[in-house]
Amino acid sequence: MAQCPICRRAEAVAAYKPFCSKRCADVDLQRWFTGGYAIPAEEAHDDEKDRGIE
Ligand SMILES: [Zn+2]
């Protein structure tokens, strides 16, 4: 079994794979929104162009 990538202690459970709990899953999700990972802003930009918004 893989360890939880957030707390690196508990083993991951199927319900929150690859995390050990909802709390650790939420922590990972927050990293996405706080700039820990690249944000796909370009996609939204392209979508705007497709709709012809000036
Ligand atoms: Zn965890």
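Quick caveat, the model's predicted, so the values are computed rather than measured. (Residues numbered from 1 in each chain as written. Predicted model: local features only at pLDDT ≥ 70, side-chain atom pairs only at ≥ 80, totals over all residues.)

**Student:** For this particular structure, what's the right way to read helix H1 (residues 22–33)?
**Tutor:** Given 3.6 residues per helical turn, the α-helix brings residues three or four places apart onto the same face. The terminal C-alpha atoms of H1 lie 17 Å apart, and with 12 residues this matches the ideal 16 Å at 1.5 Å per residue to within 8%. Burial within H1 is sparse, with just one of its 12 residues counted as buried. (Helix = DSSP H or I, 4+ residues; strand = E, 2+ residues; numbered from the N terminus. Expected span 1.5 Å × (residues − 1). Buried ≥ 20, exposed ≤ 12 C-beta atoms within 10 Å, placed from the backbone.)

**Student:** Just to check I follow, could you spell out the environment of Ala-2 for this structure?
**Tutor:** In this structure, Ala-2 sits in the segment before H1. Accessibility expressed as a C-beta count within 10 Å gives 10 for Ala-2, which makes it exposed. In the structure, Ala-2 is positioned 11 residues away from Val-13 in sequence and 9.1 Å away in space, judged by C-alpha atoms. Leaving out residues up to four positions away in the same chain, Ala-2 has contacts with Ala-12 and Pro-18. (Contact = placed C-beta atoms within 7 Å.)

**Student:** Quick question: what am I supposed to make of the environment of Val-27 here?
**Tutor:** Residue position: Val-27 is located in helix H1. Sequence spacing of Val-27 and Ile-6 is 21 residues, and the spatial spacing of their C-alpha atoms is 7.5 Å.

**Student:** Would you take a moment to explain the UniProt feature "binding site: Zn(2+)" (unreviewed entry) in the protein chain for this structure?
**Tutor:** The sites that UniProt annotates as "binding site: Zn(2+)" (unreviewed entry) are Cys-4, Cys-7, Cys-20 and Cys-24. The largest pairwise C-alpha distance within this set of annotated residues, which runs over 21 residues, is 8.4 Å, so the set is compact in three dimensions. Inspection of the secondary structure puts Cys-4 in the segment before H1. For Cys-4, the contacting residues outside a window of four places in its chain are Arg-9, Ala-10, Ala-12, Phe-19, Cys-20 and Cys-24. Within the secondary structure layout, Cys-24 lies in helix H1. Note on Cys-24: 20 C-beta atoms within 10 Å, which makes it buried. Sequence-distant contacts of Cys-24, defined by excluding residues within four places in its chain, comprise Cys-4, Ile-6, Cys-7 and Phe-19. (UniProt positions renumbered as here; feature names shortened; annotations may be inferred.)

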